[in-house]
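These are the residues of each chain, in order.
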Amino acid sequence: MTSCITEHERILQEIESTDTACVGPTLRSIYDDQPNAHVRFMEKLDARIRNHDREIEKMCNFHHQGFVDAITELLKVRADAEKLMVRHKSNEVIRCRIQQRNMATTGTCVQCMCRVPCRVSQHRFCQIMAENLPRLREDIKEISMSDLKDFLESIRKHSDKVGETAMRQAQQHRTFNSAMAKQTSMGHYTKPVYSLNGRTHTHNDLMMDEDAGEEDEADEEILTAQDLVDFSPVYRCLHIYTVLGDRETFENYYRKQRKKQARLVLQPQANMHETVEGYRRYFNQIVGFFVVEDHILHATRGLVTRAFTDELWNMALSKIIAVLRTHSSYCDDPDLVLELKNLIVIFADTLQGYGFPVNRLFDLLFEVRDQYNETLLKKWALVFREIFELDNYSPIPVETEEEYKLVVSRFPFHDAEIEKQDFPKKLPMSQSVPQIYTQVKEFIYASLKFSESLHRSSTEIDDMLRKSTNLLLTRTLSSCLQNLIKKPHIGLTELVQIIINTTHLEQACRYLEEFITNITNVSPETVHTTRLYGLSTFKDARHAAEGEIYTKLNQKIDEFIQLADYEWGMAESDGRASGYLMDLINFLRSTFQVFTHLPGKVAQTACMSACKHLSTSLMQMLLDTELKQISMGAIQQFNLDVIQCELFASSEPVPGFQGDTLQLAFIDLRQLLDLFMVWDWSTYLADYGQPTSKYLRVNPATALALLEKMKDTSKKNNIFSGFRKNDRDKQKLIETVVKQLRRLDTNQY
């Protein structure tokens, strides 16, 4: 018995949990079991049903009140819905009844009118009516045409307002889209869906609730063309001319007048380029014109056609592009060009929303972008010049950790040695370096502003930014640097600092690459990505500054040389070097100390250039054709000065020279002076032309020129007072040497 009950429980659980299609086999097993088993199973099934009924009853009791409330609400809603349905149906019935009545009345009137002519045609009043009807038709046509002319005059005046409203709606939609697309990729574009003709719809966020007008921050009500313009004169005139069988005349007249108005609208004011309001009025009038035409196109049947509006638009587009291309070229204010670009974008989006193709306008924007970049470059040229003018060309002093962090936050500077130094300390570059770097970043931001809303991909925008930045570096900044280097007030100290500055700016170029990459999210490794080649700007400026250093050093040496005041007929030397030369050497020593921050090769080249120029200048002084006579005492004094030059060269004023490399700059002078001081003509003449000659660097022409100045040509001024006066052999030797030198000099050619 117990096993039977357990089996029944299993069967009941199986029935409760099994699909109804499979219950048959389960029930069959009950009847295949013991006799009367099905009776016991039925009892068990009834008990299980009663248990479930009690559970259902409990659940219903628990949710009963909520169920009752919901039913009550539904009944109320149903009642209201039924009222609405009845009202809607009633309105439809009323409208249908009115239509039926009008149709019946019209039919009756037509039937009556059909019988009237044949009955009254013989009467006089009928003949009068027949005579007057053509004139009445013409009067009606004239009146309606007069109304149309008033309409055309009115619409010409109201086009500005219509266009302003349409462009404002487009602006609102663009603002909404920009807010919604902040997390999407740059260049994403959503087609505008605003309305001024009732055919399209705005986003709900841009629409105004009927009761929102009383709120302070309520959105402006969306207006349609019908709200701003009364089109009834057009409809009325079109209907009259159609009924009177003269529709074609009306269509031709309307289209002709609108073409004339289009040409007037497209004529800009002469000073339109001076303010953004001038451009805005121009765009508003054009938009208003085409919004009206679009409304006429869809509200009338054939008064204007799509082909007609397309023809008008193509004509207008060519004129608009020509006007904008001309007037934008007059503008030299980047902010105004940027506002013009924004207006063109809104203008294009507005008309695109009405189905007009605007691709050529976006192509024009690339030309305007070039103009914008030109104005930016001119503006930043002034910025760079001001920075350079205000720079003190001294290393940046930093007193505290906070000052150091402030500088490195504006410019990517890292130097482990300087970071280890205690405060206060100095950074190698001057204050113009972080300022220039910051301004280049500001230029990139300004250039980016134009790229917004152009519906271009991130890669295209990245390419635009890099190209414009390259122009800034290679043209504008390069020109400012070159002009700065050539300024008269820029001395050697400033030139040294400029070389240091350009070195640091060159190193910072890679950070500008990263800066652009962070803005556009386009990897520099992307194919066809433009690289910043502004490195050449700083290299060229550095080379120019180096050349200017060499030039200014030589100029300074010339200034000292001009102070030389040798007594060329002196009997003996003073025993000490000339004052002007010692001042010159002191100047060179202090100058080359400033060169310690320069790259080694630059400092070495400058030092070698200075020594060579000094040697050449001294040689030219000695061989000057204006100088006719030189005494041996003067030669001895000159030799003392050259010795000081050689001592300076051997003191290694700039590190890095090997051996006596720098002293070789004075080798020509040294060998010439030794030849005359020792009077070693026999050796010179015997070894001339030999690679091992002691006087290899002495040219015969040079020796001859100096020897001619030392000949005894005047008894009044005997320059050979240092020799025995009666030594005729000495004089004879001089004559012989002169002849041989002349022969050697001639043989050289």
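Residues numbered from 1 in each chain as written. Predicted model: local features only at pLDDT ≥ 70, side-chain atom pairs only at ≥ 80, totals over all residues. Heavy atoms only, no water.

Considering the overall build of the chain
Thinking step 1. For the chain, the count of helices and strands is 25 helices and 2 strands.
Thinking step 2. Expressed as a percentage of the 749 residues in the chain, the buried residues total 40%.
Thinking step 3. For the chain, contacts bridging at least 24 residues in sequence account for 79% of all contacts bridging at least 6.
Thinking step 4. Carbon together with sulfur atoms contributes 52% to the accessible area of the chain, which is approximately 42,700 Å² in total. (Helix = DSSP H or I, 4+ residues; strand = E, 2+ residues; numbered from the N terminus. Buried < 20%, exposed > 50% of the residue type's maximum accessible area, 1.4 Å probe, protein only. Contact = heavy atoms within 4.5 Å. Areas by Shrake-Rupley, 256 points an atom, 1.4 Å probe, with all protein chains shown as cover.)

Re helix H9 (residues 306–328)
An α-helical turn contains 3.6 residues, so any two residues separated by three or four positions project in the same direction.
Thinking step 1. A rise of 1.5 Å per residue sets the reference length of H9, with its 23 residues, at 33 Å; its end C-alpha atoms lie 31 Å apart and thus fit the reference within 8%.
Thinking step 2. Considered for burial, the residues of H9 that qualify are Phe308, Thr309, Leu312, Trp313, Ala316, Leu317, Ile320, Ile321, Val323, Leu324, His327 and Ser328.
Thinking step 3. Check the buried side of H9 and you find it contacts helix H7 (247–265), helix H8 (276–299), helix H10 (334–352) and helix H11 (359–390). (Expected span 1.5 Å × (residues − 1).)

What about the pattern of salt bridges?
Thinking step 1. In this structure the tally under the stated criterion is 25 salt bridges.
Thinking step 2. Of the charged contacts in the structure, one is a salt bridge between Lys141 and Asp246, with a shortest N-O distance of 2.9 Å. Here the residue Lys141 occupies a position in helix H4 (residues 124–180), and Asp246 occupies one in the loop between helix H6 (232–243) and H7, the gap between them amounting to 105 residues.
Thinking step 3. Judged by relative accessible area, which is 11%, Lys141 ranks as buried.
Thinking step 4. The shortest N-O distance in the salt bridge between Asp310 and Arg306 comes to 4.0 Å. Here Asp310 and its partner Arg306 are both found in helix H9, 4 residues apart, which amounts to about one turn of the helix. (Salt bridge = Lys/Arg side-chain N within 4 Å of Asp/Glu carboxyl O.)

A closer look at helix H24 (residues 700–710)
Thinking step 1. The buried count for H24 comes to 8 of 11 residues, which makes it a mostly enclosed element.
Thinking step 2. Within H24, the full set of buried residues consists of Pro700, Thr702, Ala703, Leu704, Leu706, Leu707, Lys709 and Met710.

A closer look at the environment of Gln637
Thinking step 1. Its place among the elements puts Gln637 in helix H21 (residues 632–650).
Thinking step 2. By relative accessible area, Gln637 is classed as buried at 3%.
Thinking step 3. Measuring from C-alpha to C-alpha, the distance between Gln637 and Ala577 comes to 7.1 Å, with 60 residues separating the pair along the chain.
Thinking step 4. Sequence-distant contacts of Gln637, defined by excluding residues within four places in its chain, comprise Tyr566, Met570, Ser573, Asp574, Gly575, Arg576, Ala577 and Ser578.
Thinking step 5. At 2.8 Å, the side chain of Gln637 forms a polar contact with the backbone nitrogen of Asp574. (Polar contact = N/O pair within 3.5 Å; in protein donor to acceptor, adjacent residues only side chain to side chain.)

Some thoughts on a nonpolar patch on the surface
Thinking step 1. There is a patch of nonpolar side chains on the surface, built from Phe67, Ile71, Leu74 and Leu75 and spanning about 390 Å² of accessible area.
Thinking step 2. Its place among the elements puts Leu75 in helix H3 (residues 37–120). (Patch = residues over 30% accessible without salt bridge, like charges linked within 9 Å, V, L, I, M, F, W, Y side chains within 5 Å.)

What about a negative patch on the surface?
Thinking step 1. Together, Asp332, Asp333, Asp335 and Glu339 make up a region of like negative charge exposed at the surface.
Thinking step 2. Looking at the element boundaries, Asp333 is found in the loop between H9 and H10. (Lys, Arg positive; Asp, Glu negative; His and termini not counted. Charge placed at Lys NZ, Arg CZ, Asp CG, Glu CD.)

As for the side chain of Ser328
Thinking step 1. Structurally, Ser328 is set in helix H9.
Thinking step 2. Taking relative accessible area as the criterion, Ser328 reaches 6% and is therefore assigned buried.
Thinking step 3. From its side chain, Ser328 meets the backbone oxygen of Arg325 in a polar contact 3.4 Å long.

Here we look at the environment of Ser617
Thinking step 1. Looking at the secondary structure, you find Ser617 in helix H20 (residues 600–622).
Thinking step 2. Along the chain, Ser617 and Ile557 lie 60 residues apart, while their C-alpha atoms are 8.6 Å from each other.

Observations regarding the packing of helix H22 (residues 667–678) against H24
Thinking step 1. With their axes 11 Å apart at the nearest point, H22 and H24 run at an angle of 40° to one another. What the angle tells us is that H22 and H24 run oblique. The hand of the H22/H24 crossing is right-handed. Of the residues in H24, those in contact with Leu672, Leu675 and Phe676 of H22 are Thr702, Ala703, Leu706, Leu707 and Met710.
Thinking step 2. Here the residues of the contact of H22 with H24 are counted per class, giving 7 nonpolar, 1 polar and no charged. (Axes fitted to C-alpha atoms, helices over the stretch in contact; angles between N-to-C directions. Parallel < 35°, antiparallel > 145°, perpendicular 65-115°, else oblique. Left-handed = near helix turned anticlockwise from the far one by under 90°. Nonpolar A, V, L, I, M, F, W, Y, C, P; charged D, E, K, R; others polar.)

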